[in-house]
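Listed below, chain by chain, are the residues.
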Amino acid sequence: ARSYGVEEIFEKELISLLPYFIMRYESTLKAKESPKEDKIVKDYEDLIKKLELLSEEKGRPELLADMLGLMKKITDYMIPEESGLRERMDEIMGGNILKLRSEELREEGYTEGLIEGQREGRIEGIAEGREEGKAEGKTEEKKIIALRMYRAGMGLQEISDMVDMPEQDIREWLSN
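As the structure is a prediction and not an experimental result, all values here were calculated from the model.

Trainee: Break down the overall build of the protein chain for me, with residues and values.
Mentor: Within the protein chain one finds 9 helices and 0 strands. Going from N to C terminus, the protein chain has its helices and strands arranged as α-α-α-α-α-α-α-α-α. On C-alpha atoms alone, the protein chain measures out to a radius of gyration of 36 Å, which is more than a quarter above the 16 Å that the 2.2 N^0.38 rule sets for 176 residues. Principal-axis analysis of the C-alpha atoms gives the protein chain an extent of 110 × 35 × 25 Å. For the protein chain, the proportion of its 176 residues judged to be buried stands at 30%. Considering only contacts in the protein chain between residues 6 or more positions apart, those separated by 24 or more positions represent 53%. Distance between charge centres in the protein chain, computed from 29 positive and 42 negative side chains, equals 3 Å.

Trainee: So, unusual backbone geometry: which residues are in play, and what are the values?
Mentor: A positive phi angle, near 55°, is found at E13, a position not held by glycine. Here E13 lies in the loop between α1 (6-11) and α2 (18-23). One non-glycine residue with positive phi stands out, namely D164, at about 60°. Examined against the element boundaries, D164 turns out to sit in the loop between α8 (156-163) and α9 (167-175). Exposure remark for D164: the relative accessible area of 61% places this residue in the exposed category.

Trainee: Lay out α8 in plain terms, naming residues and giving numbers.
Mentor: When α8 is considered as a whole, its buried residues turn out to be I159, S160 and V163. Down the axis of α8, the smallest arc covering the buried residues is 100°, so these residues share one side. Along α8, exposed side chains directed more than 90 degrees from the buried face belong to D161 and M162. At the C-terminal side of α8, D164 shows a positive phi close to 60°.

Trainee: Explain the packing of α8 against α9 to me, and be specific about the residues and the numbers.
Mentor: Packing of α8 against α9 brings their axes to within 9 Å, and their N-to-C directions diverge by 110°. In terms of axis orientation, α8 runs roughly perpendicular to α9. Contacts between α8 and α9 involve L156, Q157, I159, S160 and V163 on the former and, on the latter, E167, I170, R171 and L174.

Trainee: Which residues make up the nonpolar core, and what values go with them?
Mentor: Residues Y44, M71 and M89 are the most contacted members of the largest nonpolar core, which totals 28 residues. Residue assignment for this core shows that the elements contributing at least two residues are α1, α2, α4 (37-58), α5 (61-78) and α6 (84-92). Those residues in contact with Y44 that sit more than four places away from it in its chain are I22, Y25, L29, M71, T75, M89, I92 and M93. Listed in part, the 7 residues of the second largest apolar core include A146, I159, V163 and M165.

Trainee: Tell me about the packing of α4 against α5, residues and numbers included.
Mentor: Think of two packed helices as two axes; the pair is described by the angle between the axes and how far apart they sit. In the contact formed by α4 and α5, the axes pass within 8 Å of each other and the chain directions differ by 155°. Classified by the angle their axes make, α4 and α5 are roughly antiparallel. As for how α4 packs across α5, the hand of that crossing is right-handed. On the side of α4, the interface is formed by Y44, L47, I48, L51, E52, L54 and S55, while α5 contributes P61, L63, L64, M67, L68, M71 and T75. Looking at the contact of α4 with α5 residue by residue, the class counts come to 11 nonpolar, 2 polar and 1 charged.

Conventions adopted
Residues numbered from 1 in each chain as written. Predicted model: local features only at pLDDT ≥ 70, side-chain atom pairs only at ≥ 80, totals over all residues. Heavy atoms only, no water. Helix = DSSP H or I, 4+ residues; strand = E, 2+ residues; numbered from the N terminus. Rg over C-alpha atoms; globule rule 2.2 N^0.38 Å. Buried < 20%, exposed > 50% of the residue type's maximum accessible area, 1.4 Å probe, protein only. Contact = heavy atoms within 4.5 Å. Lys, Arg positive; Asp, Glu negative; His and termini not counted. Charge placed at Lys NZ, Arg CZ, Asp CG, Glu CD. Arc of directions from axis to C-beta. Axes fitted to C-alpha atoms, helices over the stretch in contact; angles between N-to-C directions. Parallel < 35°, antiparallel > 145°, perpendicular 65-115°, else oblique. Core = buried A, V, L, I, M, F, W, Y, C linked by side-chain atoms within 4.5 Å. Left-handed = near helix turned anticlockwise from the far one by under 90°. Nonpolar A, V, L, I, M, F, W, Y, C, P; charged D, E, K, R; others polar.

Just distances and angles here, no functional claims.
Printed below as a string of structure tokens:
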């Protein structure tokens, strides 16, 4: 199997190999203290800077977020909790990453979509309410006219034809 360095991984955009690159340090990371800690920290800092640049160039923030999340899970597995190196690595990677950034972005998108849907629903509801209000207003106006026509001596059939409403509705209006 071929061994890739950080530069080559980024030149060829073989980002999916980063977790394997990190695993190279496993024996060093599992030690409670190692003389190579400073070099490992520096390598991680460089690796993350390159990952940030690539993520920005490609316009894919989820790339950075997912890789940081994966790298954090790997280092948490390999570095003992009581090790000072673990705390340093957490600082480099932005602290505790409980879920991948792409998951957060999806959730944000879902939330934004939900808010937008609710806003559109309110707008539609307002428009629908206006239409219903107009229809009720027209019906109320027809009721008033029908009552006036009845008081003027017109018959139910004639009133029904004039206000364009069924005779049954006219009867109900007159009985109230």
